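Descriptive analysis of the structure
For reference, the chains in residue letters:
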Amino acid sequence: LTYLQAAQEALPLLRLGLPGLLDFRAVSDRISDAAVYPAAVILCALVGNVDENLQWLEPGRVWDFRDWAWDAA
């Protein structure tokens, strides 16, 4: 991987980091025990999956597991 490729693959982490934090805060208002962590991860993974599915609307873009994993992270 070149520096530019690594930076491009890290963009979802930056782009979805704030919404991920907000998802965690929203879930932690409803769930007060340790189940908040897997619930927040599942919610973030679902949002990342929606993002990957929307990429099918763009020509030349496809759903990719590696991209989804970055989105879920």
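Here's what I pulled together on the structure shown here.

**Re the overall build of the protein chain**
Within the protein chain, the regular secondary structure consists of 3 helices and 0 strands. Across its three principal axes, the protein chain shows a C-alpha extent of roughly 40 × 25 × 15 Å. For the protein chain, the residues scored as buried account for 22% of the 73 residues in total. The long-range share in the protein chain, meaning contacts at least 24 apart out of those at least 6 apart in sequence, stands at 33%. For the protein chain, the accessible area works out to roughly 5,500 Å², and carbon and sulfur atoms hold 67% of it. Measuring between centres, the 5 positive side-chain charges of the protein chain sit 4 Å from its 10 negative side-chain charges.

**So, the pattern of salt bridges**
Per the counting criterion, the structure on display carries 1 salt bridge. Between E58 and R61 there is a salt bridge; the shortest N-O distance is 3.7 Å. By relative accessible area, which is 41% here, E58 ends up partly exposed. Given a relative accessible area of 37%, R61 falls into the partly exposed group.

The rules we used
Residues numbered from 1 in each chain as written. Predicted model: local features only at pLDDT ≥ 70, side-chain atom pairs only at ≥ 80, totals over all residues. Heavy atoms only, no water. Helix = DSSP H or I, 4+ residues; strand = E, 2+ residues; numbered from the N terminus. Buried < 20%, exposed > 50% of the residue type's maximum accessible area, 1.4 Å probe, protein only. Contact = heavy atoms within 4.5 Å. Areas by Shrake-Rupley, 256 points an atom, 1.4 Å probe, with all protein chains shown as cover. Lys, Arg positive; Asp, Glu negative; His and termini not counted. Charge placed at Lys NZ, Arg CZ, Asp CG, Glu CD. Salt bridge = Lys/Arg side-chain N within 4 Å of Asp/Glu carboxyl O.

None of this, on its own, says anything about what the molecule does.
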